[in-house]
Amino acid sequence: MPHYIWKGLAEGGQDAWEVGRARQASKAREGQIVVVDYGAGAVASLTGYAIGSEPVEIGKDFPALFRPFQELENKVTESWYVNVLACYPDHRGKGLGSRLLGIAEKIAHSEELNRMSVIVADNNIGARSLYERIGYHEIASAPCVKEDWETETENWMLLSKSLP
């Protein structure tokens, strides 16, 4: 999905991946990204943020593609939201995702939040397994709005985890 979004944001022949890199670099400068880099470039990363105490209003002009995400986020106010957890395939299965999620929990605690949240595609079995293995459980779902995006995803699943 990120590539689809970046492609829509690209202007005047701009490369979608370049748009994505620029957006992620901006988030890194704002302190919203944690990156695993062994010295030869990033191999995994985490992006997230605190969801406030009030649901976000979803008006008629709210983009349809993002509506299910906002509807689900509105169900987990006052949580630390894992926006993106990514790892190159060659580095999967080494515990990096679990370690990054542990860092996310420490961030949540520092922001005085007592739960975590994430939205995953129903067909992303690997991601769902990781989250469920460390204590997340499904609390809601919403249909995927595809527009002209080609995907096998049918539903978005909202997972949450209470923190001690």
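Look a little higher up for the structure.
Predicted model only: the values in this text are computed from it and were never measured.

K.L.:
Explain the overall build of the protein chain here, please?
P.N.:
Scanning the protein chain from N- to C-terminus turns up 5 helices and 6 strands. Helices and strands appear in the protein chain in the N-to-C order α-α-β-β-α-β-α-β-α-β-β. Computed over C-alpha atoms, the radius of gyration of the protein chain comes to 16 Å, within 12% of the 15 Å expected from 2.2 N^0.38 for 164 residues, which places it in the range of a compact globule. Principal-axis analysis of the C-alpha atoms places the extent of the protein chain at approximately 45 × 40 × 30 Å. Evaluated residue by residue, the protein chain yields a buried proportion of 37% over its 164 residues. When contacts within the protein chain are restricted to residue pairs at least 6 apart in sequence, those whose partners lie at least 24 apart make up 65%. Roughly 9700 Å² of accessible area belongs to the protein chain as shown, and the carbon and sulfur atoms make up 50% of that amount. Across the protein chain, the mean location of the 17 positive side-chain charges is 5 Å away from that of the 23 negative side-chain charges.

So, how was this worked out
Residues numbered from 1 in each chain as written. Predicted model: local features only at pLDDT ≥ 70, side-chain atom pairs only at ≥ 80, totals over all residues. Heavy atoms only, no water. Helix = DSSP H or I, 4+ residues; strand = E, 2+ residues; numbered from the N terminus. Rg over C-alpha atoms; globule rule 2.2 N^0.38 Å. Buried < 20%, exposed > 50% of the residue type's maximum accessible area, 1.4 Å probe, protein only. Contact = heavy atoms within 4.5 Å. Areas by Shrake-Rupley, 256 points an atom, 1.4 Å probe, with all protein chains shown as cover. Lys, Arg positive; Asp, Glu negative; His and termini not counted. Charge placed at Lys NZ, Arg CZ, Asp CG, Glu CD.

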